[in-house]
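If you want the building blocks of each chain, they are given just below.
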Amino acid sequence: MSVTGGCQCGAVRFCVEGELGDASICHCRMCQKATGGLFGPYVGAPFEALVWTRGTPKHFQSSNKVRRGFCGDCGTPLTFEYGDRHVSLAIGALDRPAEARLTEQLASPAQVAEFGDLASLPVHPVEEPKAAVYLAGIVSYQHPDHDTEAWEVRR
């Protein structure tokens, strides 16, 4: 199995030859800050099977045990690295994120209070007139969800 992904701007791309491991979301404050989201969504990958196919991530040592990889150009979170041989990939950075099946939640006591209510919030379809007008005016500069021979990184 081949899994590909990369950052939003396309400066950093990766490929994993092999099966992905367990996928989880972590509610700890460190993962919230590292992703800018309500939680950190990561999926394990075989360390020796991860190849950077375009560029390489920059890193931030977020604790004495974990460093996090990210794109130095656009800031997209890419990895959660524990020790010398464990790597997990940010699920949103995968070209096909739906292939990572969540199996657990970590650090649940730190979750944002309203997290449990997300499924009950109103859903607004993209076909609604207000949303459709807004979305029709967007021109994406984001790298597509597949490898490309070349890509101009917009800065």
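Just so it is clear, the model here is predicted, and its values are computed rather than measured.

1. Observations concerning the sheet that holds strand 2 (residues 13-17)
Point 1. If you walk across this open sheet you meet the three strands as 1-2-5, and the pairing is antiparallel. At either margin of the open sheet sits one strand with a lone partner, and together these are strand 1 (2-6) and strand 5 (50-54). The mean inter-strand angle of the sheet, taken between neighbouring strand axes irrespective of direction, is 25°.
Point 2. Direction of pairing for strand 2 relative to strand 5: antiparallel, over a ladder of four bridges. Note that in strand 5 the partner of valine 16 across the bridge is leucine 50.

2. Some details on unusual backbone geometry
Point 1. One non-glycine residue, alanine 107, adopts positive backbone phi at about 50°.
Point 2. Judged by its relative accessible area of 33%, alanine 107 is partly exposed.

3. Here's the deal with the pattern of salt bridges
Point 1. Scanning the entire structure with this criterion turns up five salt bridges.
Point 2. In this structure, the salt-bridge partner of aspartate 147 is arginine 13, at a minimum N-O distance of 2.6 Å. Here arginine 13 lies in strand 2 and aspartate 147 lies in the segment after helix 2 (129-136), a separation of 134 residues in the sequence.
Point 3. Look at arginine 13 and you get buried, because its relative accessible area is 2%.

4. What to know about a nonpolar patch on the surface
Point 1. On the surface, Val126, Tyr134, Leu135 and Ile138 cluster together into a nonpolar patch covering about 420 Å² of accessible area.
Point 2. Inspection of the secondary structure assignment puts isoleucine 138 in the segment after helix 2.

5. Focus: the pairing of strand 4 (residues 40-45)
Point 1. Among the six residues that make up strand 4, five are buried, leaving the element largely enclosed by the rest of the structure.
Point 2. As paired strands, strand 3 (residues 23-26) and strand 4 are joined by four bridges and run antiparallel to one another. Across the sheet, isoleucine 25 pairs through a bridge with proline 41, a residue of strand 4.
Point 3. Inspection of the sheet shows strand 4 paired to strand 9 (residues 86-90) by four bridges, in the antiparallel sense. Counterpart to tyrosine 42 in the pairing with strand 9 is alanine 90.

Rules and cut-offs
Residues numbered from 1 in each chain as written. Predicted model: local features only at pLDDT ≥ 70, side-chain atom pairs only at ≥ 80, totals over all residues. Heavy atoms only, no water. Pairing = 2+ DSSP bridges. Helix = DSSP H or I, 4+ residues; strand = E, 2+ residues; numbered from the N terminus. Axes fitted to C-alpha atoms, helices over the stretch in contact; angles between N-to-C directions. Buried < 20%, exposed > 50% of the residue type's maximum accessible area, 1.4 Å probe, protein only. Salt bridge = Lys/Arg side-chain N within 4 Å of Asp/Glu carboxyl O. Patch = residues over 30% accessible without salt bridge, like charges linked within 9 Å, V, L, I, M, F, W, Y side chains within 5 Å. Areas by Shrake-Rupley, 256 points an atom, 1.4 Å probe, with all protein chains shown as cover.

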